[in-house]
Each structure stands twice: as C-alpha cells, then as structure tokens.
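For reference, the chains in residue letters:
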Amino acid sequence: PNLKGENEASWEVGLDQPFEILGGPANVSATYFDARTKGLIGNRVDGGFLRPFNVARAERDGIELAASWRFLPRWTLSGEWTWLETEVTDAGNIGSTLFQRGRRLLRQPRHAGAATLAYDGGRVRGRVNVNAVDHTDVGDFSGFDNGTFTILRVRNGGWTKWDAALEWDATR
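This one's a predicted model, so the numbers in the text were calculated from it and none came from an experiment. (Residues numbered from 1 in each chain as written. Predicted model: local features only at pLDDT ≥ 70, side-chain atom pairs only at ≥ 80, totals over all residues. Heavy atoms only, no water.)

A short note on the packing of aromatic side chains
The geometry of an aromatic ring pair comes down to the distance between the two centres and the angle between the two planes. Enumeration according to the criterion identifies three aromatic pairs in this entry. Summarising the aromatic geometry, the rings of Trp11 and Tyr32 are spaced 5.5 Å apart at their centres and angled 50 degrees between planes, so their arrangement reads as tilted. Taken together, the residues span a long stretch of sequence, with Trp11 in strand β1 (residues 7-21) and Tyr32 in strand β2 (residues 24-46) at a distance of 21 residues. On the basis of relative accessible area, Tyr32 is assigned to the partly exposed category, the value being 28%. Plain terms: the ring middles of Trp75 and Tyr119 are 4.9 Å apart, the flat faces sit at 50 degrees to each other, and that makes the pair tilted. Taken together, the positions of Trp75 in strand β4 (residues 75-90) and Tyr119 in strand β5 (residues 111-120) put the pair 44 residues apart, joining distant regions of the chain. We classify Tyr119 as partly exposed; its relative accessible area is 28%. (Phe/Tyr/Trp six-rings, centres within 6.5 Å; stacked < 30°, edge-to-face > 60°. Helix = DSSP H or I, 4+ residues; strand = E, 2+ residues; numbered from the N terminus. Buried < 20%, exposed > 50% of the residue type's maximum accessible area, 1.4 Å probe, protein only.)

Structure follows, in structure tokens:
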C-alpha cells in the first residue's frame, strides 16, 4: 500500500492546584487539548480485500478534569473525566463508510470517566475503582453482501466496569 506516516500538530494548556479541604490534602487539575492530524491510518475495502490507507485530515479537542482528596489519613478519593470531540475534516477520495467528512473518528468516546476509593494501611492496601465509557462508533467487518465484502459503521454501547483489589505485604 501507499501509506505515509501520520503527522500531528497538537497543544494543550492546563492548571494543577493543590489545596486543603476539611483538613485533608486535595488537588484539582484541568486541561484543554487540541490536535490536528494529517494522514491518520484507517482501513477500507479495495478489490475485495481490507487495505490500510491514510485519511486526509482529522481533528480532536477536549477537556480533561481530575481531582483527588485524602479525606482521612489512610483514605483517598479520586476521579477523572474526559470530554472528547473528534471529526474527520477531509476524507480525501477514499470511498470509505468509516471515514466520512464531518463524522466522528472511530473508537473515540465522547465521555469517559473513573473514580477510585483507596486505602493505604502500610502492609494492607485496597481500592475500589469504577470506569465508565460513553458509546463509540466502530467498524463492523462481518458484512458480506452477494459475495462483496462491506464494512458498516455501527455504534457500540457504553460500558461501566468495577474493580476491587486488596493487597497484603507479607514481607514487612
């Protein structure tokens, strides 16, 4: 294939502010980011085969927020959230259903976040974590229609995942 490397120009600005709340150390941060990509690599059907290609141009921008607070000497609560806007700004002449001008990039959720409650007792540590991700558009590569392979743009639902961990340091 006639692939070229991706070329990206990006910038971000943010702030990080520590402080105390109810006697415990806390921190908040906020970041705005912006990226412009030329030659993003994607896939399309060409002659019945799936081939990589360069998308002409795409843009991404968003906001990341995070906070943490040690509310008791051994307990910390933290969280983060990201808002992401993406757009194919020039799909070129590729004829792909996956990369069309004005559409979101694939596999890029608009919202994602996480929260963690953690305990650090020295020899014993534990945490409960939840992650949540908004729906995403993806390519469904399972389509065959009259012997022709087609790729459909479909929406995957969002998801939430809970994790818990408990550690004990037996060597102390």
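From this point, things continue past the structure.
Details of the nonpolar core
Counting residues in each nonpolar core, the largest one holds eleven residues, listed as Leu40, Phe53, Val55, Ala58, Val88, Ala91, Leu98, Phe99, Leu105, Leu106 and Ile151. Sequence-distant contacts of Leu40, that is, excluding residues within four places in its chain, are made with Glu6, Phe53, Asn54, Val55, Ala58 and Leu105. (Core = buried A, V, L, I, M, F, W, Y, C linked by side-chain atoms within 4.5 Å. Contact = heavy atoms within 4.5 Å.)

What about empty space enclosed by the protein?
Under the definition given, this model contains one cavity of 30 Å³ or more. Of the volumes computed, that of the largest cavity is approximately 60 Å³. If you trace the largest cavity, you find it lined by Arg104, Leu105, Gln108, Pro109, Arg110, His135, Thr136, Asp137, Arg153 and Arg155. Secondary-structure elements contributing two or more residues to the lining of the largest cavity are β7 (136-145) and β8 (148-156). Class assignment for the residues of the lining of the largest cavity results in two nonpolar, three polar and five charged. (1 Å grid on protein atoms, 1.4 Å probe; cavity = no way out; pocket = protein on both sides within 12 Å on 5 of 7 lines; lining within 4 Å. Points joined across faces, edges and corners; volume = space filled by probe spheres on them. Nonpolar A, V, L, I, M, F, W, Y, C, P; charged D, E, K, R; others polar.)

Remarks on unusual backbone geometry
One non-glycine residue with positive phi stands out, namely Leu22, at about 50 degrees. Relative to the elements of secondary structure, Leu22 occurs in the loop between β1 and β2. When its relative accessible area of 76% is taken as the criterion, Leu22 is described as exposed. Notably, Arg107 is not glycine yet its phi reads approximately 55 degrees, a positive angle.

Here we look at the environment of Asp163
Tracing the backbone through its elements, the reader meets Asp163 in strand β9 (residues 159-168). Here Asp163 falls in the partly exposed class, since its relative accessible area comes to 29%. Between the C-alpha atom of Asp163 and that of Gly14, which follows or precedes it by 149 residues, the distance is 29 Å. Apart from the residues lying within four places of it in its own chain, the contact partners of Asp163 are Arg127, Val128, Asn129 and Asn131.

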